[in-house]
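# Summary of structural features
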Amino acid sequence: MTRCSIVPPHVLAALARSDDARPALVAARTLALDASLRHGRTTARTLPSPSAVPMTPADGPQRTVHDAGGTEQLPGAVVRAEGQPPTSDPAVDEAYDGLGLTWELWAREYGRDSLDGAGMPLLATVHYAQDYDNAFWDGTQMVFGDGDGEIFTRFTASLDVIGHELAHGVTEHTAALVYRDQSGALNEHVSDVFGVLVKQRHLGQTADRADWLIGAELLADGVQGQALRSMAAPGTAYDDPRMGRDPQPGHMDDFVRTRDDNGGVHINSGIPNKAFHLVATTIGGPAWQAPGLIWCDVLTGQIAPDCDFATFAGLTLAAARARYGDGSPEAMAVAGAWQQVGVAPDEGGAPSAEIDVPAGAGRVGAATGPLRLSRSGGVAGLTRARELVLDELPEPDARAFRALVEGPQLPRLAAEEPSRPDALRYGVQCERPELDVQVAETVLPHATRSLFERTLRGERR
């Protein structure tokens with residue numbers, strides 16, 4: 001299962017490096033937590049069992065919303081189950097309503113019974129961690145943070161974000177697009193598409209009336225931007241001194257080659273995003289109809305997990321011709337859209353060669369030298385330490401360490417003074433990249449402390 005977050009790591013990294021103290025600290029904690037969760041082990045938890053009663057789309061969704069109460073424990077206490085009335089907590093009710101509206105799009109427009117097509121219960125947890133600046137799909141459920149209140153507001157406030165994350169669940173059960181490079185960018189693209197379609201359908205907007213923004217409700221007052229992404233104009237969603245500037249391209253000429261963010265999955269998704277926007281506005285009318293049906297046909301059809309942009313473009317063209325006819329306005333719109341973003345549809349059905357990334361970019365530890373991890377302080381004043389190279393660790397933990405060591409989160413967290421002078425501290429030192437920090441245990445996310453502890457103990461579970 002791939003853990004997919006709505007806020008890209010490059011945005012959080014920019015915030016963690018900013019001079020705005022509190023948002024920078026929250027972003028650093030979020031980055032550290034995301035790295036530990038994304039690459040580490042999944043914590044065992046008990047989730048509700050699916051209903052034993054067979055469902056059809058007409059039966060409605062099965063929703064359960066939990067409250068983590070500011071902890072990192074999932075799923076949390078049940079606070080609203082299917083059919084129960086609204087609560088006094090906006091995050092709970094927004095999550096509940098967003099799950100239902102997403103279910104309605106897939107069921108009413110595409111005949112799909114929940115994410116897996118077989119009535120899968122829709123689960124969500126709100127109030128996750130402390131001021132957590134993200135929301136994610138973890139393969140089984142949605143998880144929402146409350147935001148720091150200065151850059152990001154609560155993550156349940158954006159309906160298209162809920163639709164986006166749940167669409168990752170549909171992709172997981174259908175195309176299973178590999179979450180890296182072009183196939184990973186397509187994974188993010190598909191979620192952006194069906195996320196905005198949930199919102200547009202709910203608001204009754206035609207393609208020409210919609211804003212085509214992802215996460216417009218997330219940005220707090222004072223942020224210089226309008227959303228996390230713009231499908232109509234990739235690269236223009238924000239330009240803020242703390243968040244940085246939106247790096248999304250809208251044409252293959254500007255494709256970004258990077259090893260960060262799994263090969264730029266949140267960045268290069270701007271290219272197919274722009275193509276879909278062009279298809280929808282050219283065809284006209286509600287985008288969840290003809291354009292959405294074409295994309296749904298591809299997602300649920302014969303698509304390879306390592307599909308690239310050219311192959312995906314060819315599949316959408318074939319789907320448009322199959323559904324509406326060769327030479328139809330719909331097929332012409334699809335062909336023209338891909339041409340405008342610089343992608344030549346490959347109609348042979350086999351992925352073309354992946355765009356190269358720097359040598360060693362995908363290897364664990366390729367850019368990180370030997371590392372020393374220590375734990376000191378406390379009443380007893382004892383020190384434990386371990387010297388290691390990342391290749392010695394289980395691969396998920398090695399990747400988590402690499403993300404922590406190469407990012408800005410540990411230096412930012414190290415600047416925070418603990419509440420007690422005898423607080424336990426973790427030390428992380430390495431020469432490449434150069435890093436020597438001491439971080440108080442109390443400012444580290446629980447998942448990161450767990451990573452450090454099992455590494456010190458030499459566990460290889």
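Residues numbered from 1 in each chain as written. Predicted model: local features only at pLDDT ≥ 70, side-chain atom pairs only at ≥ 80, totals over all residues. Heavy atoms only, no water.

## Some points on the packing of aromatic side chains
If you walk through the whole model with that rule in mind, you get 15 aromatic pairs. An angle of 65 degrees between the planes, with centres 5.6 Å apart, marks the rings of Trp106 and Tyr110 as edge-to-face. In this pair, Trp106 and Tyr110 both sit in helix 3 (residues 90–110), 4 residues apart, roughly one turn of the helix. Neither residue differs from the other here; Trp106 and Tyr110 are each classed as buried. Judged by relative accessible area, which is 1%, Trp106 ranks as buried. (Phe/Tyr/Trp six-rings, centres within 6.5 Å; stacked < 30°, edge-to-face > 60°. Helix = DSSP H or I, 4+ residues; strand = E, 2+ residues; numbered from the N terminus. Buried < 20%, exposed > 50% of the residue type's maximum accessible area, 1.4 Å probe, protein only.)

## As for the confidence of the model for the protein chain
Overall, the prediction assigns the protein chain a mean pLDDT of 89, with 89% of residues at 70 or greater. This stretch, residues 41–55, has a pLDDT under 50; its non-local contacts, to residues over four places away or in other chains, come to 24 contacts. Across residues 350–366, confidence stays below pLDDT 50; counting only partners more than four residues off in sequence or on other chains, it has 33 contacts. (pLDDT = per-residue confidence, 0-100. Contact = heavy atoms within 4.5 Å.)

## A closer look at the environment of Gly314
Note on placement: Gly314 falls in helix 9 (residues 309–324). Spatially, the C-alpha atoms of Gly314 and Val334 are 9.4 Å apart, while their sequence positions differ by 20 residues. Excluding residues that lie within four positions of it along the chain, Gly314 makes contacts with Pro345, Asp346 and Glu347.

## Overview of the packing of helix 7 (residues 270–283) against helix 10 (residues 329–340)
With their axes 8 Å apart at the nearest point, helix 7 and helix 10 run at an angle of 145 degrees to one another. For the pair helix 7 and helix 10, the sense of crossing is right-handed. Where helix 7 approaches helix 10, its residues Pro272, Ala275, Leu278, Val279, Thr282 and Ile283 are matched on the opposing element by Glu330, Ala333, Val334, Ala337, Trp338 and Gln340. Residues that form the contact of helix 7 with helix 10 fall into these classes: 9 nonpolar, 2 polar and 1 charged. (Axes fitted to C-alpha atoms, helices over the stretch in contact; angles between N-to-C directions. Left-handed = near helix turned anticlockwise from the far one by under 90°. Nonpolar A, V, L, I, M, F, W, Y, C, P; charged D, E, K, R; others polar.)

## What about the sheet that holds strand 13 (residues 425–430)?
Strand order in the open sheet made by the 4 strands is 12-11-13-14, with antiparallel pairing throughout. Among the strands making up the open sheet, the edge pair consists of strand 12 (384–388) and strand 14 (435–440). Averaged over all adjacent pairs, the angle separating strand axes in this sheet is 10 degrees, with direction ignored. Sheet topology note: the strand 11 (residues 371–376)/strand 13 ladder contains 6 bridges and is antiparallel. By the bridge assignment for strand 13, Arg372 is matched with Gln429. Contacts from helix 11 (residues 395–406) reach strand 11, strand 13 and strand 14, with the element oriented near 85 degrees to strand 11. Packed on one face of the sheet, helix 13 (residues 446–457) meets strand 11, strand 12 and strand 13 and runs near 80 degrees to strand 12. (Pairing = 2+ DSSP bridges.)

## Some thoughts on the sheet that holds strand 4 (residues 122–126)
Taken in spatial order, the 6 strands line up as 1-5-6-4-2-3 in an open sheet, and their pairing is mixed. Of all strands in the sheet, those with a lone pairing partner are strand 1 (4–5) and strand 3 (77–81), marking the two edges. As paired elements, strand 1 and strand 5 (residues 135–137) share 2 bridges and run antiparallel to each other. By the bridge assignment for strand 5, Cys4 is matched with Trp137.

## Things to note about helix 13
Taking 1.5 Å of rise per residue, the 12 residues of helix 13 would be expected to cover 16 Å, and the 16 Å separating its terminal C-alpha atoms lies within 8% of that figure. Gly458 lies just past helix 13 and shows a positive phi near 75 degrees. (Expected span 1.5 Å × (residues − 1).)

## Details of the pattern of salt bridges
Inspection of every chain in the model, using the stated rule, returns 26 salt bridges. Here Arg3 makes a salt bridge to Asp34, at a shortest N to O gap of 2.9 Å. One end of the pair, Arg3, is in the segment before strand 1; the other, Asp34, is in helix 2 (residues 21–39), with 31 residues separating them in the sequence. Accessibility classification places Arg3 together with Asp34 in one group, the buried group. Arg386 is the partner of Glu392 in a salt bridge, and the nearest nitrogen-oxygen pair spans 3.9 Å. A residue is classified by how much of its surface remains accessible, and Glu392, at 36% relative accessible area, is partly exposed. With a relative accessible area of 21%, Arg386 lands in the partly exposed category. One salt-bridge network, held together by shared partners, links Arg375, Arg384, Glu441, Glu453 and Arg457. (Salt bridge = Lys/Arg side-chain N within 4 Å of Asp/Glu carboxyl O.)

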